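# Examination of the molecular architecture
What follows is the residue order along each chain.
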Amino acid sequence: QVQLVESGGGLVQAGGSLRLSCAVSGRSFSSYRMGWFRQAPGKERELVAAISGSGGTTGHAESVKGRFTISRDNTKNTVYLQMNSLKPEDTAVYYCAAAPTPGWTFSARGYAYWGQGTQVTVSS
């Protein structure tokens, strides 16, 4: 019922920028808390950033705070992750996910719908 499609990944040099986009189908986008996750080989999945349904509240992992910014456009059913000052350790597959559960929390729990992932590679 709900489909998420990420785009914008690719290869970038350290210090560069990328903007990931996640287009979400369905009827209830504005009610979903949205999150960006990443997973590198051999590492645990990490919640990078999350945003409330209205866009009024955001959270970012300490590892990306000050460099990454999550945003959303509810008129376009799209969530974004602006990534600046990229580092090689940011290399991972990045996933967009939606949590239909109400309330705000910066937590990896509750994400019921997932995109296919997009590869981000940062070279040194």
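The present account deals with the structure reproduced in this document. What you are looking at is a predicted structure, and each value in this text was computed from that prediction instead of being measured.

### Remarks on the overall build of the protein
Counting secondary structure elements, the protein contains zero helices and 11 strands. The C-alpha radius of gyration computed for the protein amounts to 13 Å, which stays within 12% of the reference 14 Å derived for 124 residues, consistent with globular compactness. Along the three orthogonal principal directions, the C-alpha set of the protein runs to about 40 × 25 × 25 Å. Relative to its 124 residues, the protein shows a buried fraction of 43%. Surface summary for the protein: the accessible area is close to 6,300 Å², and the carbon and sulfur share equals 46%. Here the protein holds 12 positive side-chain charges and 7 negative ones, and the gap between their average locations is 6 Å.

### Some words on unusual backbone geometry
Of note in this structure, Asn 77 is not a glycine but carries a positive phi near 50 degrees. In this structure, Asn 77 sits in the loop between strand S7 (68-73) and strand S8 (78-83). With a phi close to 50 degrees, Ser 85 is a non-glycine residue in the positive phi region. Tracing the backbone through its elements, the reader meets Ser 85 in the loop between S8 and strand S9 (92-99).

### Comments concerning the side chain of Asp 90
Within the secondary structure, Asp 90 sits in the loop between S8 and S9. Taking the relative accessible area as the measure of exposure, Asp 90 reaches 1% and is therefore buried. Within the structure, the side chain of Asp 90 is placed 2.8 Å from the backbone nitrogen of Lys 87, a separation counted as a polar contact.

### A word on the nonpolar core
Formed by 29 residues in total, the largest nonpolar core has its most connected members in Met 34, Leu 81, Met 83 and Tyr 94. Secondary structure elements with two or more residues in this core: strand S3 (18-24), strand S4 (33-39), strand S5 (46-51), S7, S8, S9 and strand S11 (118-123). Contact partners of Tyr 94, with chain neighbours within four places excluded, come to Glu 6, Leu 20, Phe 37, Arg 38, Val 48, Phe 68, Leu 81, Met 83, Gly 117, Thr 118 and Val 120. In this structure, Phe 37, Leu 47, Ala 50 and Ala 97 belong to the second largest nonpolar core, which totals six residues.

### Quick word on the packing of aromatic side chains
A complete count under the given rule lists five aromatic pairs for this structure. For the ring pair Phe 37 and Trp 114, a centre distance of 4.7 Å and an interplane angle of 45 degrees mean the geometry is tilted. Separated by 77 residues along the polypeptide, Phe 37 in strand S4 and Trp 114 in strand S10 (residues 113-114) bring together distant segments of the chain. On the basis of relative accessibility, which here comes to 0%, the residue Phe 37 falls in the buried class. Trp 114 gets classed as partly exposed once you look at its relative accessible area, which sits at 31%. Note on Tyr 95 and Trp 114: the rings are 6.5 Å apart at their centroids and 75 degrees apart in plane angle, and the pair reads as edge-to-face. Residue Tyr 95 is found in strand S9, and its partner Trp 114 is found in strand S10; the two are separated by 19 residues along the sequence. Among the aromatic residues, those joined into a cluster by ring pairs are Phe 37, Tyr 95, Tyr 111 and Trp 114. The positively charged end of Arg 45 is found above the aromatic ring belonging to Phe 37, 5.3 Å away from the centroid. A cation over a ring is seen here: Arg 72 above Phe 29, with NZ or CZ 4.3 Å from the ring centre.

About the criteria used
The numbers attached to residues start from 1 for each chain and follow its sequence in the written order. For this predicted model, a pLDDT threshold of at least 70 governs which residues receive local features, and a threshold of 80 or more governs which side-chain atom pairs are given and counted, while totals over whole chains, interfaces and linings are taken from all residues. Just so you know, side-chain values use all the structure's heavy atoms and leave hydrogens and water out. Helix numbering and strand numbering both begin at the N terminus, where a helix is a DSSP run of H or I of at least 4 residues and a strand a DSSP run of E of at least 2. Here the globule rule is a power law, 2.2 Å times the number of residues to the power 0.38, and the radius of gyration is based on C-alpha atoms. Remark: exposure states derive from per-residue accessible area (1.4 Å probe, protein chains only) relative to the maximum for the residue type, with buried under 20%, exposed over 50%, and partly exposed in between. Note on areas: Shrake-Rupley with a 1.4 Å probe; residue coverage comes only from the protein chains shown. Counted charges follow a simple rule, with Lys and Arg positive, Asp and Glu negative, and His plus the chain ends left uncounted. Where a charge lies is defined by one atom per residue type, namely NZ (Lys), CZ (Arg), CG (Asp) and CD (Glu). Polar contact criterion, stated in full: a pair of N or O atoms within 3.5 Å, where within protein one must be able to donate a hydrogen and the other to accept it, and residues adjacent in sequence count only if both atoms are side-chain atoms. Here, the term nonpolar core denotes a set of buried Ala, Val, Leu, Ile, Met, Phe, Trp, Tyr and Cys residues that are joined through side-chain atoms within 4.5 Å. Contacts: residue pairs with any heavy atoms within 4.5 Å of one another. Aromatic rings from Phe, Tyr and Trp, taking only the six-membered ring of Trp, are treated as a pair when their centres fall within 6.5 Å; an angle between ring planes under 30 degrees marks them as stacked, one over 60 as edge-to-face, and anything in between as tilted. Throughout this description, the term charge over a ring refers to an Arg CZ or Lys NZ atom that lies within 6 Å of the ring centre and within 35 degrees of the ring normal.

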